[in-house]
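Here are the chains, one letter per residue:
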Amino acid sequence: MRDVGIGIVGYGLMGRAHAHGYTLAPRVRELNVVPRLRVISGRNEAAVAAAARRYGVEESTTDWREVVARDDVDIVDVCTPPGAHAEVVEAAAAAGKAVVCEKPLAADYASARAAAEAARGVPNAIGFNYRRLPALALFHRLVQEGAVGDVLLWRGSWLSDEFLDPDIPFDWRFEKRMGASTFADLGAHLIDLALWTVGPIAEVSAQSETFTRTRSGREVDVGEASSALLRFEDGRVRGTLEVARVCARRPCDFSVEVNGTRGTLRFDYERLNELWYGEAGDEGRFYGLRRIRAEHPSHPYAAEWWPIGQGVGYGASFVNQAADLLERWPAARWDPDLAHGAQVQRVCEAMERAAAERRWLSVDEVE
Ligand SMILES: NC(=O)c1ccc[n+]([C@@H]2O[C@H](COP(=O)([O-])OP(=O)(O)OC[C@H]3O[C@@H](n4cnc5c(N)ncnc54)[C@H](O)[C@@H]3O)[C@@H](O)[C@H]2O)c1
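Small disclaimer: the values here were computed from a predicted structure and weren't measured.

## Topic: the overall build of the protein chain
Consideration 1: Looking only at helices and strands, one finds eleven helices and 17 strands in the protein chain.
Consideration 2: Taking 2.2 N^0.38 as the reference for a compact globule, 367 residues should give roughly 21 Å; the C-alpha atoms of the protein chain span a radius of gyration of 20 Å, in line with that estimate.
Consideration 3: A principal-axis box enclosing the C-alpha atoms of the protein chain has dimensions of 60 × 50 × 40 Å.
Consideration 4: Burial statistics for the protein chain: of 367 residues in total, 50% are counted as buried.
Consideration 5: Looking at the protein chain alone, contacts between residues at least 24 apart form 69% of all its contacts between residues at least 6 apart.

Okay, structure coming up:
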């Protein structure tokens, strides 16, 4: 059993979630390596030291370059705000480390592409954790197996109330340069699922609104409610995306649906162990959508967790992600990789520009 040293950059929500993932991965999956949480970095010395103790990380530092430089770190896991990702990814790759980076890969496509390019020579992965939930992995599998026939429509929405209160003070999420757009922050997960399940997006039109334009005396340049129409490269498939952070009493409610020539499949995050499925050819007496519980041992990831009927939660997506990465260590290639992260970012940027320019825009136009 070989040790794999992990260094985490950023100790906020995602630093905690990723540490949780590496810690529990060997409890759910038989692995040939032992993940060792060597070091975590952050700018506040006392806070990052406290986080290290809580998350079970051996050491802490206020200098992320130390994480990248350490000989006992094999994987640098980037959990800072989007605008701070690319620099760390590039430095880690230059030091020959494998890189895992939270979504969105960057705050703009040029930086995302540069980061993906820099990491080409090392194992690299983007953190689209939701596709590691059993129900969403099953959603993908069922579409690939033809359960809905040929996809006609894809629909994704993400509704939260995190920006509704105009008195929430300014932080990195309200500044596009650091926090990326709402298309990228929330939409990246949905666009990942669309590209993964349906295929590339060719063209978009979009709109975006910011209702509270200043916070703590500073200008907010991030959309609070953004939506887009999509045409996929498979010319027959159309889609819609809505991402909004001003929806009262909606905490983190996202849903994804496809309608195909033979059926419908729907996922609602509020019921994250379930899918809704309807087959057009089903007998009339069963008309409607039936509830699938993505917990059967034949379903992705399900057998590794609890007995059927117990379900999994958000944390399981990070454990599954860590297990998938560690299982392939030493990896030549992880999936999804940063190049995919850059493709997602390109679609996000196309939406941002389409909204700003009030027109349909081909994703190819984003250079
Ligand atoms: N996959 C998911 O489910 C999920 C959920 C939330 C956030 N995210 C993503 O994870 C990343 C981090 O988000 P989070 O919620 O953990 O954020 P957070 O605010 O909880 O933590 C951010 C970390 O980065 C540091 N940081 C803050 N501002 C910085 C700056 N200007 N420069 C450098 N470092 C800075 C903080 O000190 C902290 O350690 C973002 O890219 C975000 O989009 C993913």
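Next comes the rest of the description.
## Thoughts on the domain arrangement of the protein chain
Consideration 1: By domain assignment, the protein chain separates into domain 1 (2–130 + 331–335) and domain 2 (133–308 + 346–356).
Consideration 2: Once you take the C-alpha centre of each, domain 1 and domain 2 turn out to be 25 Å apart.
Consideration 3: Counting residues at the interface gives 13 residues for domain 1 and 18 residues for domain 2.
Consideration 4: Looking at side-chain class alone, the side of domain 1 that touches domain 2 contains nine nonpolar, one polar and three charged residues.

## Regarding the site of the ligand
Consideration 1: Around the ligand, a shell composed of 20 residues is seen, among which Gly10, Gly12, Leu13, Met14 and Glu102 lie nearest.
Consideration 2: At three residues, helix α1 (residues 13–28) tops the list of elements feeding residues into the shell around the ligand.
Consideration 3: Tallied by class, residues from the shell around the ligand come to nine nonpolar, seven polar and four charged.
Consideration 4: Here the shell around the ligand spans two domains, and each of domain 1 (2–130 + 331–335) and domain 2 (133–308 + 346–356) adds at least three residues to it.

## Some details on α1
Consideration 1: If you check α1, its first and last C-alpha atoms are 22 Å apart, about what 16 residues at 1.5 Å a residue would give, namely 22 Å.
Consideration 2: Of all the bends in α1, the greatest, near 30°, is centred on Tyr22, and the proline Pro26 appears no more than four residues after it.
Consideration 3: Taken residue by residue, α1 has Met14, Gly15, Ala17, His18, Ala19, Gly21, Tyr22 and Ala25 as its buried positions.
Consideration 4: Buried positions along α1 lie against β1 (2–9), β2 (33–41), α2 (45–55), β4 (75–78), β5 (98–102) and α10 (314–327).

## Re the packing of helix α5 (residues 109–118) against helix α11 (residues 338–357)
Packed helix pairs are characterised by how far apart their axes lie and by the angle those axes make with each other.
Consideration 1: At their nearest, the axes of α5 and α11 sit 8 Å apart, and the two run at 170° to each other. By the angle between their directions, the pair α5 and α11 is classed as roughly antiparallel. Of the residues in α11, those touching α5 at Tyr109, Ala112, Arg113, Ala115 and Ala116 are Leu338, Ala339, Gly341, Ala342, Gln345, Arg346 and Glu349.
Consideration 2: In the contact of α5 with α11, the residues fall into seven nonpolar, two polar and three charged.

## Thoughts on the environment of Glu257
Consideration 1: Examined against the element boundaries, Glu257 turns out to sit in strand β13 (residues 253–260).
Consideration 2: Spatially, the C-alpha atom of Glu257 lies 8.1 Å from that of Leu153, the residues being 104 residues apart in sequence.
Consideration 3: Contact partners of Glu257, with chain neighbours within four places excluded, come to Arg155, Thr264, Leu265 and Arg266.

## Quick notes on the sheet that holds strand β16 (residues 290–293)
Consideration 1: The sheet built from nine strands is open, its strands ordered β16-β15-β14-β13-β7-β12-β11-β8-β17 with mixed pairing. For this open sheet the edge positions go to β16 and β17 (361–362), each flanked by a neighbour on one side alone.
Consideration 2: Here five bridges tie β13 to strand β14 (residues 263–268), and the two strands are oriented antiparallel to one another. Residue pairing for β14: Val258 is matched across the bridge by Leu265.
Consideration 3: Sheet contacts for helix α9 (residues 187–197): β7 (151–159), β8 (201–209), β12 (238–244) and β13; angle to β7, the most-contacted strand, approximately 165°.
Consideration 4: Taken strand by strand, α11 contacts β8, β11 (225–232) and β17, and its axis lies near 55° from that of β8.

## Considering the pairing of β5
Consideration 1: Counting buried positions over the five residues of β5 gives five, a clear majority of the element.
Consideration 2: Of the two faces of β5, both are covered, the one formed by Ala98, Val100 and Glu102 as well as the one formed by Val99 and Cys101.
Consideration 3: Judged from the four bridges that link them, β4 and β5 form a sheet pairing that is parallel. Along β5, the bridge assignment pairs Val78 with Cys101.
Consideration 4: Read as a crossover between parallel neighbours, the route from β4 over helix α4 (residues 85–94) to β5 is right-handed.

## Regarding α5
Consideration 1: Of the positions making up α5, those classed as buried are Tyr109, Ser111, Ala112, Arg113, Ala115 and Ala116.
Consideration 2: Elements that come into contact with the buried residues of α5 comprise α4 and α11.

Analysis parameters
- Residues numbered from 1 in each chain as written.
- Predicted model: local features only at pLDDT ≥ 70, side-chain atom pairs only at ≥ 80, totals over all residues.
- Helix = DSSP H or I, 4+ residues; strand = E, 2+ residues; numbered from the N terminus.
- Rg over C-alpha atoms; globule rule 2.2 N^0.38 Å.
- Buried ≥ 20, exposed ≤ 12 C-beta atoms within 10 Å, placed from the backbone.
- Contact = placed C-beta atoms within 7 Å.
- Domains from an automatic or database assignment.
- Nonpolar A, V, L, I, M, F, W, Y, C, P; charged D, E, K, R; others polar.
- Near = placed C-beta within 6 Å.
- Expected span 1.5 Å × (residues − 1).
- Bend = angle between axes of the 7 residues up to and from the residue.
- Axes fitted to C-alpha atoms, helices over the stretch in contact; angles between N-to-C directions.
- Parallel < 35°, antiparallel > 145°, perpendicular 65-115°, else oblique.
- Pairing = 2+ DSSP bridges.
- Right-handed = clockwise from strand over helix to strand, strands pointing away.

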